[in-house]
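This is what each chain is made of:
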Amino acid sequence: MTKTVAVLGSTGSIGRQTLQVVQELGLTVAALTANRQVDLLEQQARQLHPKLAVLYDRAAAGELRLRLSDTDIRVAEGPEGLLEAATLPEADTVVTAVMGSVGLEPTLAAIREKKRIALANKETLVCAGELVMAEAERCGAEIVPVDSEHSAIFQSLQGCRDRREVKRLLLTCSGGPFFGLSHEELEHKTPADALKHPNWSMGAKITIDSATLMNKGLEIIEAMRLYRLPVEQVEAVIHRQSIVHSLVEYRDGAMIAQLGTADMKLPIRYAFTWPYRAETPDRTLDLLSCGPLTFQAPDTEAFPCLAIARRCARTGGTACAIMNGANEEAVGLFLRQEIGFNDIARRVEDALCRVEVKYTPSLEDILEADRLARAAVLNR
């Protein structure tokens, strides 16, 4: 069970909720990191008094250093600061809540220090899942997922004695704000439209990924890596109510699911307390008032990103890293209103055509694939 944490990405949506759980459980904070949010990180640092505060942006780190000069909190910066936060001896658990592939190297560094990884950065397993899981097994590090869907699978597998008994994993998906629309109807949707998620409060990038269904594609790849299953045994199903967070179907026909409110603090809390459970102060699910629960197949013609992700999963090698890097850049362009909503999938497809896939890649190959994919999107 966790006692001291390093929170990578503490100013994001998951990071802020993580700090609520940290205070609720009375845990100690060793390190906090963010990208460039000086005001909020200063506030968090003064409240929780970590040993180390890190801003990835070097100019922002300089400002934070001045602001915290009246404390004994050390301020670091850049990728080296992120690596230091991930490997602090004081922290037994590292929460990886940074967005994107920047989380890959710090996660690997924490694994090598035998930390418990409370994994909220799906891109780490999407880009380098086989490498990361092999390293975790070699080092004896625990990886406990924080994503609501993967936590639900993790919980639903607790009684599974033999993974060969699993027939398939079913990841539930809200369908996002554009559920039911055709590809043509999506052509002129704006960032403001796409950021109106029906059930969850999340950061901009993950909310856009939810709207394109790329988020579910990324989660399918993550589930493959976490649970060592082929893509054919991992599926997505639309569940608009976000009550059933995911299911495991066993070979005898039994299905085991985890249900709960749409509150990320539940999987965060479980990642800290596993294999035990702590009392929650939050509102719990009332089955008598949650309404009917419905399930539908996703529309991959209107939302091609889900099909692209499944194809990359089957291809293997650096295909998933290319897809992920291209998607991150394309989403950024969309949020800046430089491309349309359907152009996100088009840019990802274009990058996959232009960047060569390498099989059995090294970490350097994966990072290079990510770089080339981003360049392909930006220099089209």
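One can find the structure itself at the top, above this paragraph.
Engineer: Teacher, can you tell me more about the sheet that holds strand β7 (residues 142–145) here?
Structural biologist: Across a sheet, strands are paired by hydrogen bonds formed along the backbone, either parallel or antiparallel in direction. The strand order across the open sheet formed by 7 strands is β4-β3-β2-β1-β5-β6-β7, and the pairing between neighbours is parallel. The open sheet is flanked by β4 (74–77) and β7, the only strands paired with a single partner. In this sheet, neighbouring strand axes are inclined to one another by 20° on average, regardless of whether the strands run parallel or antiparallel. Relative to strand β3 (residues 52–55), strand β2 (residues 28–34) is paired through 4 bridges, and the arrangement is parallel.

Engineer: Help me understand empty space enclosed by the protein in this model?
Structural biologist: What the rule picks out here adds up to 2 cavities of 30 Å³ or more. Of the pockets and cavities examined, the largest cavity occupies roughly 60 Å³. Lining the largest cavity we find T212, A302, F303, P304, C305, F341, N342, I344 and A345. In terms of residue class, the lining of the largest cavity is built from 7 nonpolar, 2 polar and no charged. Considering only enclosed or pocket space, the second largest cavity measures out at about 40 Å³ in volume. Surrounding the second largest cavity, S148, H245, Q258, T261, D263, L266 and P267 form its lining.

Engineer: Just checking my understanding: could you explain the pattern of salt bridges for this structure?
Structural biologist: Side chains carrying opposite charge are able to pair once their charged atoms draw close together. Summed over the entire model, instances satisfying the criterion amount to 39 salt bridges. One salt bridge connects R138 with E135, and the closest N-O pair in it is separated by 2.7 Å. With R138 and E135 both in helix α6 (residues 122–139) and 3 residues apart, the pair spans about one turn of that helix. The shortest N-O distance in the salt bridge between E249 and R168 comes to 2.4 Å. Of the two residues, E249 sits in strand β10 (residues 244–250) while R168 sits in strand β8 (residues 166–173), which places them 81 residues apart along the sequence. Within the structure, one salt-bridge network assembled from shared partners comprises D39, E42, R46, E63, R67 and D70.

Engineer: How do you make sense of the environment of R163 when you look at a structure like this?
Structural biologist: Along the chain, the position of R163 falls in the loop between α7 (148–156) and β8. Considered as a pair, R163 and Y227 are 64 residues apart in the sequence and their alpha carbons are 8.4 Å apart. If sequence neighbours within four positions are ignored, R163 has contacts with L157 and Y227. Here the side chain of R163 touches Y227 through a polar contact of 3.4 Å, landing on its backbone oxygen.

Basis of the calculations
Residues numbered from 1 in each chain as written. Predicted model: local features only at pLDDT ≥ 70, side-chain atom pairs only at ≥ 80, totals over all residues. Heavy atoms only, no water. Pairing = 2+ DSSP bridges. Helix = DSSP H or I, 4+ residues; strand = E, 2+ residues; numbered from the N terminus. Axes fitted to C-alpha atoms, helices over the stretch in contact; angles between N-to-C directions. 1 Å grid on protein atoms, 1.4 Å probe; cavity = no way out; pocket = protein on both sides within 12 Å on 5 of 7 lines; lining within 4 Å. Points joined across faces, edges and corners; volume = space filled by probe spheres on them. Nonpolar A, V, L, I, M, F, W, Y, C, P; charged D, E, K, R; others polar. Salt bridge = Lys/Arg side-chain N within 4 Å of Asp/Glu carboxyl O. Contact = heavy atoms within 4.5 Å. Polar contact = N/O pair within 3.5 Å; in protein donor to acceptor, adjacent residues only side chain to side chain.

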